[in-house]
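Close look at the chain arrangement
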Amino acid sequence: MTIDTVLDAENLGKRYGRRWALSDCTLRIPAGRIVGLVGPNGAGKTTLLRLAVGLLAPSTGVVRVLGDRPAASPVQLGRVGFVAQETPTYPNLSVADHLRLGAWLNPRWDSGLAQRRISLLGLDPRQRSGRLSGGQRAQLALTLAVAKRPDLLVLDEPVASLDPLARREFMHAIGEIVAQQGVSAVLSSHLVSDLERVCDFMIVLVASRVRLAGPVDDLRNAAGGRSLEDLVVDHMTADHAGTEAHR
Amino acid sequence: MIRLTWRQFRTPAAVAAAAVLVLAVFAALTGPDLAHAYAATLAACRRAGDCPTATAAFARTDSALSNALGTLVTFAPALIGAFWGAPLIAREMEAGTFSLVWMQSVSRARWLLVKLSVLGLASALCAGLLSLILTWWARPLDDASAAIYATFGQRDIVPIGYALFAFLLGVTAGMVVRHTVAAMAVTLFVFVTVRVCTTYGLRPRIVAPEHRVFALDPASTGFGSEVSPSILLNSWFNGRPTSQLDPATPSLPNAWIYSSRVVDANGHDLTDAVLNATCPGVASRGGQPTVPGHVPVSDSAAQAARACVTKIGATYHQLLTYQPASRYWTLQWAELGTYVGATALLAAVCLWWIRRRA
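Residues numbered from 1 in each chain as written. Chains lettered and ligands numbered in written order. Predicted model: local features only at pLDDT ≥ 70, side-chain atom pairs only at ≥ 80, totals over all residues. Heavy atoms only, no water.

Things to note about the overall build of chain B
If you tally the helices and strands in chain B, you get 13 helices and 5 strands. Seen through its principal axes, chain B has C-alpha atoms that stretch 85 × 50 × 30 Å. Relative to its full complement of 358 residues, chain B shows a buried share of 46%. When the accessible surface of chain B is split by element, carbon and sulfur atoms take 66% of a total near 17,300 Å². Within chain B, one finds 26 positive and 17 negative side-chain charges whose respective centroids are separated by 16 Å. (Helix = DSSP H or I, 4+ residues; strand = E, 2+ residues; numbered from the N terminus. Buried < 20%, exposed > 50% of the residue type's maximum accessible area, 1.4 Å probe, protein only. Areas by Shrake-Rupley, 256 points an atom, 1.4 Å probe, with all protein chains shown as cover. Lys, Arg positive; Asp, Glu negative; His and termini not counted. Charge placed at Lys NZ, Arg CZ, Asp CG, Glu CD.)

Section: the side chain of A:K148
For A:K148, the location among the structural elements is in the loop between α5 (134-147) and β6 (152-156). In terms of polar contacts, A:K148 uses its side chain to reach the backbone carbonyl oxygen of A:V80, at 2.7 Å. The contacts of A:K148, once residues within four sequence positions are left out, are A:L77, A:G78, A:V80, A:G81, A:N106, A:R108, A:W109, B:M103, B:Q104 and B:S105. (Polar contact = N/O pair within 3.5 Å; in protein donor to acceptor, adjacent residues only side chain to side chain. Contact = heavy atoms within 4.5 Å.)

Examining the sheet that holds strand β2 (residues 19-30) of chain A
Strands belonging to one sheet form pairs held by backbone hydrogen bonds; the direction of such a pair is parallel or antiparallel. All names here are of chain A. Pairing is antiparallel across the open sheet formed by 3 strands, whose spatial order is β2-β1-β4. The open sheet has two edge strands, β2 and β4 (60-65), and neither has a second partner. Ignoring which end each strand starts from, the neighbouring axes of this sheet average 15° apart. By the bridge criterion, 5 bridges tie strand β1 (residues 5-16) to β4 in an arrangement that is antiparallel. Considered in β4, the bridge of D8 is made with R64. Contacts between helix α1 (residues 45-53) and the sheet are confined to β1, β2 and β4, with β2 contributing the most and set at about 65° to the helix. (Pairing = 2+ DSSP bridges. Axes fitted to C-alpha atoms, helices over the stretch in contact; angles between N-to-C directions.)

Concerning the pattern of salt bridges
Applying the stated criterion across every chain, the model contains 16 salt bridges over all chains. In this structure, A:D97 engages B:R7 in a salt bridge whose closest nitrogen and oxygen atoms are separated by 2.8 Å. With A:D97 in helix α3 (residues 95-105) and B:R7 in helix α1 (residues 2-48), this residue pair bridges two chains. B:E335 is the salt-bridge partner of B:R203, the closest N and O atoms lying 2.7 Å from each other. Linking B:R203 in helix α8 (residues 180-206) with B:E335 in helix α13 (residues 328-356), this pair joins segments that are 132 residues apart in sequence. The exposure class of B:R203 is buried, given its relative accessible area of 6%. Judged by its relative accessible area of 2%, B:E335 is buried. Residues joined by salt bridges that share partners form a network here, namely A:R79, A:R108 and A:D151. (Salt bridge = Lys/Arg side-chain N within 4 Å of Asp/Glu carboxyl O.)

A short note on the packing of aromatic side chains
Residue and element names in this part refer to chain B. According to the stated counting rule, one finds 14 aromatic pairs over all chains in the structure shown. Pairing F152 with Y328 gives two aromatic rings, centres 5.5 Å apart and planes at 75°, and the pair type is edge-to-face. With F152 in the loop between α6 (139-145) and α7 (158-177) and Y328 in helix α13, this pair connects stretches of sequence that are 176 residues apart. Clustering of aromatic rings is evident, with ring pairs tying together Y149, F152, W256, Y258, Y328 and W329. (Phe/Tyr/Trp six-rings, centres within 6.5 Å; stacked < 30°, edge-to-face > 60°.)

With respect to the environment of B:V171
Residues and elements named next belong to chain B. Within the secondary structure, V171 is located in helix α7. Residues V171 and S259 lie 88 residues apart in sequence; the distance between their C-alpha atoms is 38 Å. The contacts of V171, once residues within four sequence positions are left out, are G85, A86, L88, I89, L116 and C350.

Remarks on the nonpolar core
Membership of the largest hydrophobic core comes to 151 residues, with the highest contact counts inside it found for A:L7, A:L142, A:I174, A:L187, A:M202, B:W102 and B:F167. No other element matches helix α5 (residues 108-137) of chain B, which puts 12 residues into this core. Sequence-distant contacts of A:I174, defined by excluding residues within four places in its chain, comprise A:L142, A:L155, A:L187 and A:V198. Grouped together as the second largest cluster of nonpolar side chains are 12 residues, B:L245, B:V262, B:L270 and B:I312 included. (Core = buried A, V, L, I, M, F, W, Y, C linked by side-chain atoms within 4.5 Å.)

Things to note about unusual backbone geometry
The residue A:S208 is not glycine, and still its phi comes out positive at about 70°. By the element assignment, A:S208 lies in the loop between β8 (201-206) and β9 (209-215). Positioned with a positive phi, B:R178 is a non-glycine residue whose angle comes to about 70°. One can find B:R178 in the loop between α7 and α8. Of the residues examined, B:R178 reaches a relative accessible area of 35% and is grouped as partly exposed.

A closer look at the packing of α1(B) against helix α3 (residues 63-95) of chain B
Residue and element names in this part refer to chain B. It is the contact of α1 with α3, at a shortest axis distance of 13 Å, that shows an interaxial angle of 170°. Taken together, the axes of α1 and α3 are roughly antiparallel relative to one another. Contacts between α1 and α3 involve F9, P12, A16, L23 and F26 from the former and L65, L69, L72 and W84 from the latter. (Parallel < 35°, antiparallel > 145°, perpendicular 65-115°, else oblique.)

Quick look at the interface of chain A and chain B
With 28 residues of chain A at the interface, the matching set in chain B holds 23 residues. Roughly 2,400 Å² of surface becomes buried between chain A and chain B when both sides are summed, with 62% attributable to carbon and sulfur atoms. On inspection of chain A and its partner chain B, the count reaches 1 salt bridge. The interface formed by chain A and chain B contains 7 residue pairs in polar contact (both at pLDDT 80 or more). The set of elements that each furnish at least two residues to the side of chain A that touches chain B consists of α1, α2 (74-79), β5 (80-83) and α3 of chain A. Broken down by element, the side of chain A that touches chain B gets its largest block of residues, 6 residues, from α3(A). Of the residues contributing to the side of chain A that touches chain B, the split by class is 18 nonpolar, 7 polar and 3 charged. (Buried area = accessible area lost by both parts, 1.4 Å probe. Nonpolar A, V, L, I, M, F, W, Y, C, P; charged D, E, K, R; others polar.)

A look at the sheet that holds strand β7 (residues 184-189) of chain A
Residue and element names in this part refer to chain A. Spatial strand order, β5-β6-β7-β3-β8-β9: 6 strands in an open sheet with mixed pairing. Each edge of the sheet is formed by a strand with only one pairing partner; in this case those strands are β5 and β9. Strand-to-strand, the axes of this sheet are offset by a mean angle of 15°, without reference to chain direction. The pairing of β6 with β7 spans 5 bridges and is parallel. Considered in β7, the bridge of L152 is made with S184. Contacts from α1 reach β3 (34-38), β5, β6, β7 and β8, with the element oriented near 145° to β6.

Description of the environment of B:I312
All names here are of chain B. Residue position: I312 is located in helix α12 (residues 299-313). On the basis of relative accessible area, I312 is assigned to the buried category, the value being 1%. Discounting chain neighbours no more than four positions away, the residues touching I312 are L216, L245, L270, L275, T278 and C279.

No statement about biological role is implied by the geometric values presented.
Okay, here's the thing in structure tokens:
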């Protein structure tokens, strides 16, 4: 059985006290693509992705990732690679320690791949991760997520805190990884320009609702002479007005 | 998972091992001398025929050092709870690294179980070794002072229970508070509170104490009572004396005296009202105790006080409530069991919490 949907959310909601971080979200993310999840701050992107990888439990609805409940089992955990927003690593552990951590905790760990990426990036294995630059740390976190050989890579605003050069390098790395390993990927960002370069499918999420979804080429065609960014912003603002009126 | 736990824990483990080693070396260097000195003291006092005074003096010689080491053993569990327990989850939450480690192919229940097992074992080992060293080193002093219950929490097996409990308390606090420093403070506060409550509230009630009756001795009965923090806490939890008449405590080696009350045949406490009615003016003039060795009072006042005690002694006697030395190990095991049980409960709470998040 081939899975054509990597992420399938139905009426998904997450509430903190009385505040809904995500409510009634229904969406499908197709397999075999690099999917960009765009939306304004507070649209629920981070909550959605954290629900999808099982770091959060939903208050309402269900989400299935690769056909199973998120983080349901070690096998399911191994099939999903995740890089969180701040690309956290253990500051006291060295780069080599992090690779060892990956090898110890993941049966499908690809040690050769991890070593190659580290030397390609020019990282010193003995360097403590606390001493790395933001871009290097993001690359280390990505290496950990990739070398466990996942079927799906989930990246939550991985470049938000990086400078333009590191941003470009990171996005380039993701494009390469997806091409080489044949994994699906979901990336979130609030900047269309970050995603445009590497994604081939785009979903616009505003206030927990999908406002626009489709292959990037189709969206470009629909945008006509305007840029993709203009199209996305149009949908965001239209909806903003809508929700304001609704409230 | 065990390898990762060890990699992340090896620095704190080394610090603790070094501390235990320092204490062990100190104990090994000074312990034999202490034992020899005690043996010599005993030999000398047996020849002279006055061992109680000699051993009491001996117990005082190294009491400052013994108290300092005892304090170390008392506070080691609190430190373990604050520095090993509290950061375990709180630091992962603070730094966001939980989203790194919980996304590896290991369920987070297993992650927590391995962490709790390894660090819990280390906590028990650390506290157990500290206690073992101190118990061995202080044996001559403990024999001399004949007050095993006074050092109950610093000797033998109970420190192991304290350390396990403090560690899990720290983990739980970190899980709830999610900030390392705040969790450390909560851990220390709750741990000290629980220790005080179990020491003065629970420990005396585990096994029913024994009672013994003594006639009031005019020569050794004074007025007013000594006030120390521990006596204050004890009277708080277990009731305070109702009159100012304070008979000296008869010598019961290694017994734990709960209370010394002055009661009549029906078990009613002597009240200040009765005391003042029986011998007017004595208690107010008394103020100072008349026990030998305390502040001297005038002969006439002392005589009046003795006459008063004799008069009171016709209807009242001293009732001693105490735990005999033979129950020491029962109480050690009971307290260890209580703390280990509480530890298991906290571990279950942590596991439930970490699964519920999935």
